[in-house]
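Read off the chains here:
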Amino acid sequence: MKLLFVEDEKRLSEALSHLLRKKGYVVDTAENGETGLDLATTGFYDIIILDRMLPGIDGIAVLKAFRSQGFDTPVIFLTAKDSPRDRVEGLDAGADDYLVKPFSTDELLARLRALSRRKNKDFQENTIAIAGLILDPLRGEVVKDSTTIIQLSVNYGQVLTKARIFEKVWGYSSEIEFANVDLYIHYLRKKLNTSLIKTARGVGYYLEDGDDV
Ligand code: CA
């Protein structure tokens, strides 16, 4: 599971990331709203933990911008004040859950588990497994080992280079050869019986109706 933790309080950010990594999560951090939104919209995270009070763009604005771009990644919202109005605002902006600071790390871990269970359940009902990868046509995601690798719907019309696909799917340290990207794309096209996956010759692949470039 890949987590994005957007939090400007350095000590909290460091302590919590350390703990989450020890629990087996892959954690990226952002110290302000702008970087948080940039990273979030790569579509590579399974769950986002987002603080409300951030310098620059605050958490509510980050969340609204994120949702308005069509992302449905689960978001746990962190608020410092526990007033019903704050919670309502967070949930209305598109949060799936919230925690009031200071919170116990056990509670955060339990909520992360609950969100991943929900994600996995949605997932199993609508997915296609192929060659060790799982494709979720509803969400437009390709997933391996419970981690979203590529969010196709978001990358629609945008060329994904072979190097990027290779890095995301297998990682650079993998034994698998680079040429396998072409082979797997071939499997995907065949299995899905679709002409939507186009080849950008010498570069990579993209999703689009119409002819190859
Ligand atoms: Ca803060």
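Residues numbered from 1 in each chain as written. Predicted model: local features only at pLDDT ≥ 70, side-chain atom pairs only at ≥ 80, totals over all residues. Heavy atoms only, no water.

**Description of the pattern of salt bridges**
Where charged atoms of side chains with opposite charge meet at close range, the side chains can pair.
Piece 1. As enumerated under the stated definition, the model contains nine salt bridges in all.
Piece 2. Of the charged contacts in the structure, one is a salt bridge between Lys101 and Glu9, with a shortest N-O distance of 3.1 Å. Residue Lys101 is located in the loop between β5 (97–100) and α5 (105–125), and its partner Glu9 is located in the loop between β1 (2–6) and α1 (10–22); the two are separated by 92 residues in the primary sequence.
Piece 3. The exposure class of Lys101 is buried, given its relative accessible area of 14%. (Salt bridge = Lys/Arg side-chain N within 4 Å of Asp/Glu carboxyl O. Helix = DSSP H or I, 4+ residues; strand = E, 2+ residues; numbered from the N terminus. Buried < 20%, exposed > 50% of the residue type's maximum accessible area, 1.4 Å probe, protein only.)

**Considerations on α1**
Each α-helix turn comprises 3.6 residues. Residues three or four places apart therefore point the same way.
Piece 1. The terminal C-alpha atoms of α1, which comprises 13 residues, lie 18 Å apart, in line with the 18 Å expected from a rise of 1.5 Å per residue.
Piece 2. Buried residues of α1: Ser13, Leu16, Ser17 and Leu20, and no others. The buried residues of α1 all sit within an arc of 105° when viewed along its axis, so they share a single face. In α1, those exposed residues whose orientation departs by more than 90 degrees from the buried face are Arg11, Glu14, His18 and Lys22. (Expected span 1.5 Å × (residues − 1). Arc of directions from axis to C-beta.)

**Observations regarding the environment of Thr199**
Piece 1. With respect to the helices and strands, Thr199 occurs in strand β11 (residues 197–200).
Piece 2. Judged by relative accessible area, Thr199 falls into the buried class, the value being 17%.
Piece 3. Along the primary structure Thr199 and Leu160 are separated by 39 residues, whereas in three dimensions their C-alpha atoms are 9.7 Å apart.

**Topic: the sheet that holds strand β12 (residues 204–207)**
Piece 1. Read across the sheet, three strands follow the order β10-β12-β11 without closing on themselves; strand pairing throughout is antiparallel. Either end of the sheet is taken by a strand with one partner, and the two such strands are β10 (160–161) and β11.
Piece 2. With two bridges connecting them, β10 and β12 associate as antiparallel partners. Pairing of Thr161 across the sheet is with Gly204, part of β12. (Pairing = 2+ DSSP bridges.)

**Thoughts on the confidence of the model for the protein**
Piece 1. Considering every residue of the protein, the mean pLDDT works out to 82; 76% of them sit at 70 or more.
Piece 2. Per-element averaging of pLDDT across the protein places strand β6 (residues 128–130) at the bottom with 64 and strand β3 (residues 47–51) at the top with 97. (pLDDT = per-residue confidence, 0-100.)

**Brief notes about the environment of Arg111**
Piece 1. Inspection of the secondary structure assignment puts Arg111 in helix α5.
Piece 2. The spacing of Arg111 and Leu99 is twelve residues in sequence and 9.1 Å in space, taken between C-alpha atoms.
Piece 3. Excluding its chain neighbours within four sequence positions, the residues that come into contact with Arg111 are Ile76, Asp97, Tyr98 and Leu99. (Contact = heavy atoms within 4.5 Å.)

**Things to note about the packing of aromatic side chains**
Piece 1. In the structure shown here, the tally under the stated rule is one aromatic pair.
Piece 2. For the ring pair Phe66 and Phe71, a centre distance of 4.8 Å and an interplane angle of 10° mean the geometry is stacked. Neither residue differs from the other here; Phe66 and Phe71 are each classed as buried. (Phe/Tyr/Trp six-rings, centres within 6.5 Å; stacked < 30°, edge-to-face > 60°.)

**Remarks on unusual backbone geometry**
Comment: phi is negative for the bulk of residues other than glycine, and the bulk of peptide bonds are trans.
Piece 1. Cis geometry is adopted by the peptide bond preceding Pro102, which originates at Lys101 and carries an omega value of -5°.
Piece 2. Turning to its location among the elements, Pro102 is positioned in the loop between β5 and α5.

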